[in-house]
Amino acid sequence: MLTALGVCTHTVYADEKVKVGFVYVGPTGDHGWTYRHDVGRQAVQEHFGDKVETVYVESVSEGPDAARIIRGMAMDGADIIFATSFGYMEQTLKMAKMFPNVKFEHATGYKQSVNMSSYGLRLYQARHVQGIIAGMMTETNKICYVASYPIPEVIREINTYFLGARRMNPDVTMDIIWVNTWYDPGKESDAAKVLMAQDCDMIAQHTDSPAPMQAAEAFGRHGFGQASDQIVFAPDAQLTATIDNWSPYYIRKVGALIDGTWESENYFGDMKEGAVQMAPFTNMPDDVRAKAQEVKDAISNGEYFAFTGPIYDQDGNLQLAEGEVATDYQLNSMNYYVQGITSPMP
């Protein structure tokens, strides 16, 4: 029976156009997180051509509204739905139970079911390289971070950024402002300006617009683009940027649906496979560029892991023992700042 069902599934999706839905937390023009997911959607459309139809809804708030949008996509015939924000997790799981014949994919979460996968990228790898650069280039020994929401993904990137900076410069301190939004250029810009007014000269962000980079450009400071190469907005300020490459995963999972091999999984893409990329190293001395490339290559080759013990939290509690490498569970449940960060946890 299972074999027969597998053949039937293969035949249905091979002969009929597959409808692929995407739910976005921000606008496709944010030049950050949502923009890069939509690049992935376009890659799916280009790769499969008339075998697929892709649809999306942008700027969907996390919570009940997400459930409404996801339910509507399923009722409108979507065969697979990608929900692209952490705050959609419970709503996606609920809809997966309600629509057992639809495949669901949830970004950056940790829950799965028979018809729901979770997926994410090891973006903390690129963030650590940014920390290396910041530690070498800061002139005030004050770096800073414009943060969105205190979820594990954001906290671990704050930590790995600081660990990279401290590796190169033990005198570095870091200030953090939580803006409690993924996309609000005004709030993001204001936060960056406040931090720079307090002598921060290296701006990192986990928000989705280029506003912090634009503020750094205006102040004559430096920083790092988020999710995509944002150098066009800050040609003199951007040192590099994290680039989220979702396209291979989206193409693979839609292809698996078409050929009847889709399975629920927990995917965590990395530098080695090209899922985590970085913009060119610019506006920096040659020795900084060389060190950044050295660390990036070591991470890509699996020779270096930023979250290797001993690591203590800011209260002095041992979180990773000497030589211990953080597991995916530890990374995905991280709820502490590392030692040296003096800002209180929100």
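Keep in mind that what you see is a predicted model, and the values were worked out from it rather than measured. (Residues numbered from 1 in each chain as written. Predicted model: local features only at pLDDT ≥ 70, side-chain atom pairs only at ≥ 80, totals over all residues. Heavy atoms only, no water.)

(A) Just empty space enclosed by the protein, in detail. In the structure shown here, the tally under the stated rule is two cavities of 30 Å³ or more. By volume, the largest cavity amounts to about 140 Å³. If you trace the largest cavity, you find 14 residues lining it, with Thr108, Gly109, Arg156, Phe268 and Asn332 closest to the centre. Those elements that place two or more of their residues in the lining of the largest cavity are strand S5 (116–121), helix H6 (152–168) and strand S11 (266–269). (1 Å grid on protein atoms, 1.4 Å probe; cavity = no way out; pocket = protein on both sides within 12 Å on 5 of 7 lines; lining within 4 Å. Points joined across faces, edges and corners; volume = space filled by probe spheres on them. Helix = DSSP H or I, 4+ residues; strand = E, 2+ residues; numbered from the N terminus.)

(B) Representation of the packing of aromatic side chains in the model. In this structure the tally under the stated criterion is 19 aromatic pairs. When the centroid spacing of 5.5 Å and the interplanar angle of 35° are considered together, the rings of tyrosine 24 and tyrosine 56 count as tilted. One end of the pair, tyrosine 24, is in the loop between strand S1 (18–23) and helix H2 (33–48); the other, tyrosine 56, is in strand S2 (residues 52–57), with 32 residues separating them in the sequence. A residue is classified by how much of its surface remains accessible, and tyrosine 24, at 0% relative accessible area, is buried. On the basis of relative accessible area, tyrosine 56 is assigned to the partly exposed category, the value being 35%. When the centroid spacing of 5.7 Å and the interplanar angle of 75° are considered together, the rings of tyrosine 119 and tyrosine 250 count as edge-to-face. Here the residue tyrosine 119 occupies a position in strand S5, and tyrosine 250 occupies one in helix H9 (residues 247–259), the gap between them amounting to 131 residues. With respect to burial, tyrosine 119 and tyrosine 250 carry one shared label: buried. An aromatic cluster is built from Phe22, Tyr24, Trp33, Tyr56, Phe82, Tyr119, Trp246, Tyr249, Tyr250 and Tyr267, whose rings are joined through pairwise contacts. (Phe/Tyr/Trp six-rings, centres within 6.5 Å; stacked < 30°, edge-to-face > 60°. Buried < 20%, exposed > 50% of the residue type's maximum accessible area, 1.4 Å probe, protein only.)

(C) Expanded view of the sheet that holds S5. Strand order in the open sheet formed by six strands is S2-S1-S3-S4-S5-S11, and the pairing between neighbours is parallel. The open sheet has two edge strands with one neighbour each: S2 and S11. On average, each strand axis in the sheet is inclined to that of its neighbour by 20°, with strand direction left out of account. Taken together, the six bridges between S1 and S2 define a ladder with parallel strand orientation. Bridging across to S2, valine 23 finds its partner in valine 57. In this fold helix H4 (residues 89–98) packs onto strand S3 (80–83), strand S4 (103–107) and S5, with an angle of close to 170° to the strand it touches most, S4. Sheet strands touched by H9: S1, S2, S3, S4, S5 and S11. Its angle to S3, the strand with the most contacts, is close to 155°. (Pairing = 2+ DSSP bridges. Axes fitted to C-alpha atoms, helices over the stretch in contact; angles between N-to-C directions. Contact = heavy atoms within 4.5 Å.)

(D) Up close: the layout of surface pockets. If you add up the space inside the second largest pocket, you get close to 260 Å³. Around the second largest pocket, the lining comprises 18 residues; the ones closest to its centre are Arg122, Tyr124, Gln125, Tyr304 and Phe305. Those elements giving two or more residues to the lining of the second largest pocket turn out to be helix H5 (124–137), helix H10 (286–300) and helix H11 (328–332).

(E) Just the state of the cysteines, in detail. For the structure on display, the rule yields one disulfide. Put simply, cysteine 144 and cysteine 200 are joined by a disulfide, and their sulfur atoms are 2.0 Å apart. The disulfide joining cysteine 144 to cysteine 200 has a torsion of about -65° about its S-S bond and is therefore left-handed. In this pair, cysteine 144 sits in strand S6 (residues 142–147) while cysteine 200 sits in the loop between helix H7 (185–197) and strand S8 (202–205), placing the two residues 56 residues apart along the sequence. The exposure classification of cysteine 144 matches that of cysteine 200, with both residues buried. (Disulfide = S-S within 2.5 Å.)

(F) A look at the environment of tyrosine 24. Considered as a pair, tyrosine 24 and alanine 66 are 42 residues apart in the sequence and their alpha carbons are 9.3 Å apart. When near neighbours in sequence (up to four residues on either side) are disregarded, tyrosine 24 contacts Thr34, His37, Asp38, Arg41, Tyr56, Val57, Glu58, Ser59, Val60, Thr84 and Tyr88.

(G) Molecular detail of the pairing of S3. Where burial is concerned, the two faces of S3 agree: the one with Ile80 and Phe82 and the one with Ile81 and Ala83 are both buried. Note that S1 and S3 share four bridges and pair parallel. Directly across from phenylalanine 22, in S3, lies its bridge partner phenylalanine 82. Of the pairings in the sheet, the one linking S3 to S4 comprises four bridges and is parallel in character. By the bridge assignment, alanine 83 is partnered in S4 with histidine 106.

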